[in-house]
Each structure stands twice: as C-alpha cells, then as structure tokens.
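Chain and residue survey
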Amino acid sequence: MICHIKKHDKDGIPQMDTASFASFRLPRWNELPEIDLYMDQVVSFLQMKLSAFDGIASDSPVTATMINNYVKQDLIDPPVNKKYSRSHIAKLMIIFILKKVMSIPEISDTLYCINNIVNFEEGYNTFCEKCEKSVTSLSERKQDTGREAERIIGCAVDALSHKLYAVGCTKEIKDALEKAELENSARMKKKPEKEAKA
C-alpha cells in the first residue's frame, strides 16, 4: 500500500506513515513489457505494479473480467490474437488508477483527450510523472496532533475540487476536439464537390 498506520499518538489517534509516500513510483513507457502478453500475464503484471493502491476505495483487484469489460466499453482496443500490447497495458494502468476517483465515462473522456492532444507514449509518461509528484508530495506534509479532522476534511475537499476541475477541463477539451473533427470532415466532403464543378 502507498501508506499505512505508523503509530498512535498519546490520545490513541492513528498517525499515517507519510514517509512511505516518498517511494511511490509507476513504470514508464519503456519499462512496460516489450512483448505482447496473454491475459493472465497482463493481470499478474498489473496486480504487481498497482499493489501500492491495495486497500484504497472498495475496488476489487485487477481481474480478467474487468479487462474484458473495458474492451466491450471501448476504453481499450480488443487484443490481437488474444495478446495485449504495451499500449493496452499503459491504458489499463491509467484506467485502474483513475477509477479510484473517476467514473468510467470520465476516464473514457480523459483517454480520448490524451490520445488526441499528444503522442500516447508521451501522455502516459506525463501521467506517471504527475501521479508520482502528487503522491510523493504528501510525504512532506506535517501531521500536527489534534488537527486530524481538519486534515481529513482538507484532503477530501481538495479531492473534490481537483476532480471538478479535471472533469470540466476534459469536457471542454473534448468538445473542442470533436468540433474540430466535424469541421474538418465537412471541409473534406466539400472539397470533392468543388473539384467536380471545376
């Protein structure tokens, strides 16, 4: 897990071991398997790399059924010859992490934006870097005794505001990308008509 209870203070209130946040790390694109993997290999790899998130929220562990559902929901492309590529695994890493705080439609919109704004390899590496930076920064937070409730409330409100901002930005960007696609499609249809008249 990312963190655990280190000790209790004099009043018996648990204190988090925030130092464990400092070692949090996600595999970069070039650290993902180079060869395509079968389903059981994918599940084992993801369970190992995402073990830091065990116990967070009420999510079940990574399963083949979940991955098959993500294929059916068009979150990831179908496997080729029952094998999953590096791109599949990178997307699954993002999905299993974000599902802690986002709905499937919100994650779908996020992946859509990443795919259409930057090279996916670059987008995945950026996701890992931002995720690590956010988590490891928690190791620097002081835990003042007697202010546990304030800390919990503050973190919960921060989580809410960050999600609202992320979902809002994603929707705005997706709408702009889809509008640009429609306009480009309309221009491409008009071009043959003009050439035919000429």
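The shown structure was predicted, so the numbers you read here are calculated from the model rather than taken from an experiment.

About the criteria used
- Residues numbered from 1 in each chain as written.
- Predicted model: local features only at pLDDT ≥ 70, side-chain atom pairs only at ≥ 80, totals over all residues.
- Heavy atoms only, no water.
- Core = buried A, V, L, I, M, F, W, Y, C linked by side-chain atoms within 4.5 Å.
- Buried < 20%, exposed > 50% of the residue type's maximum accessible area, 1.4 Å probe, protein only.
- Helix = DSSP H or I, 4+ residues; strand = E, 2+ residues; numbered from the N terminus.
- Contact = heavy atoms within 4.5 Å.
- Salt bridge = Lys/Arg side-chain N within 4 Å of Asp/Glu carboxyl O.
- Phe/Tyr/Trp six-rings, centres within 6.5 Å; stacked < 30°, edge-to-face > 60°.
- pLDDT = per-residue confidence, 0-100.
- Expected span 1.5 Å × (residues − 1).

1. Remarks on the nonpolar core
Leu 46, Ile 67, Leu 92, Phe 96 and Tyr 124 are the most contacted members of the largest nonpolar core, which totals 41 residues. When residues of this core are traced back to their parent elements, those giving at least two are helix 1 (39–49), helix 2 (64–72), helix 3 (86–98), helix 4 (104–117) and helix 5 (120–136). Here the element with the most residues in this core is helix 3; it accounts for 9 residues. Excluding residues within four positions of it along the chain, Phe 96 makes contact with Leu 46, Leu 50, Val 62, Met 66, Ile 67 and Tyr 70.

2. Let's talk about the pattern of salt bridges
Scanning all chains against the criterion turns up 6 salt bridges. The partner of Arg 25 in a salt bridge is Glu 31, with the nearest N and O atoms 3.0 Å apart. Glu 31 sits in the partly exposed class, given a relative accessible area of 38%. Taking the shortest distance from any N to any O, the salt bridge between Glu 106 and Lys 163 comes out at 3.4 Å. On the criterion of sequence distance, the pair formed by Glu 106 in helix 4 and Lys 163 in helix 6 (residues 148–197) is long-range, its members being 57 residues apart. Its relative accessible area of 31% is what places Lys 163 among the partly exposed residues. Each of Asp 109, Lys 174 and Glu 178 takes part in one network of salt bridges that share partners.

3. Some words on the packing of aromatic side chains
Per the stated rule, a full pass over the model turns up 3 aromatic pairs. An angle of 75 degrees between the planes, with centres 6.2 Å apart, marks the rings of Trp 29 and Phe 120 as edge-to-face. Of this pair, Trp 29 sits in the loop between strand 2 (14–16) and strand 3 (37–38) while Phe 120 sits in helix 5; the two residues are 91 residues apart in sequence, bridging distant segments of the chain. Comparing Trp 29 with Phe 120, the two get one shared label, buried. Consider the rings of Tyr 70 and Phe 96, whose centres lie 5.5 Å apart with planes at 70 degrees: the pair is edge-to-face. Separated by 26 residues along the polypeptide, Tyr 70 in helix 2 and Phe 96 in helix 3 bring together distant segments of the chain. The same class applies to Tyr 70 as to Phe 96, namely buried. Ring pairs connect the aromatic residues Trp 29, Phe 120 and Tyr 124, which therefore count as one cluster.

4. Some points on the confidence of the model for the protein chain
In this model, the protein chain carries a mean pLDDT of 82, and residues with pLDDT of at least 70 account for 78%. This stretch, residues 3–9, has a pLDDT under 50; its non-local contacts, to residues over four places away or in other chains, come to 23 contacts.

5. Here's the deal with unusual backbone geometry
Backbone geometry at Asn 81 places phi at a positive 55 degrees, although glycine is not the residue there. Inspection of the secondary structure assignment puts Asn 81 in the loop between helix 2 and strand 4 (83–84). Of the residues examined, Asn 81 reaches a relative accessible area of 68% and is grouped as exposed. Positive phi, normally seen in glycine, also occurs at Lys 82, with a value near 65 degrees.

6. Observations regarding helix 4
One turn of the α-helix equals 3.6 residues, which is why residues spaced by three or four share an orientation. Given a rise of 1.5 Å per residue, 14 residues ought to cover 20 Å, and the 20 Å separating the end C-alpha atoms of helix 4 matches this to within 8%. If you check which residues of helix 4 are buried, you get Glu 106, Ile 107, Thr 110, Leu 111, Tyr 112, Cys 113 and Ile 114.

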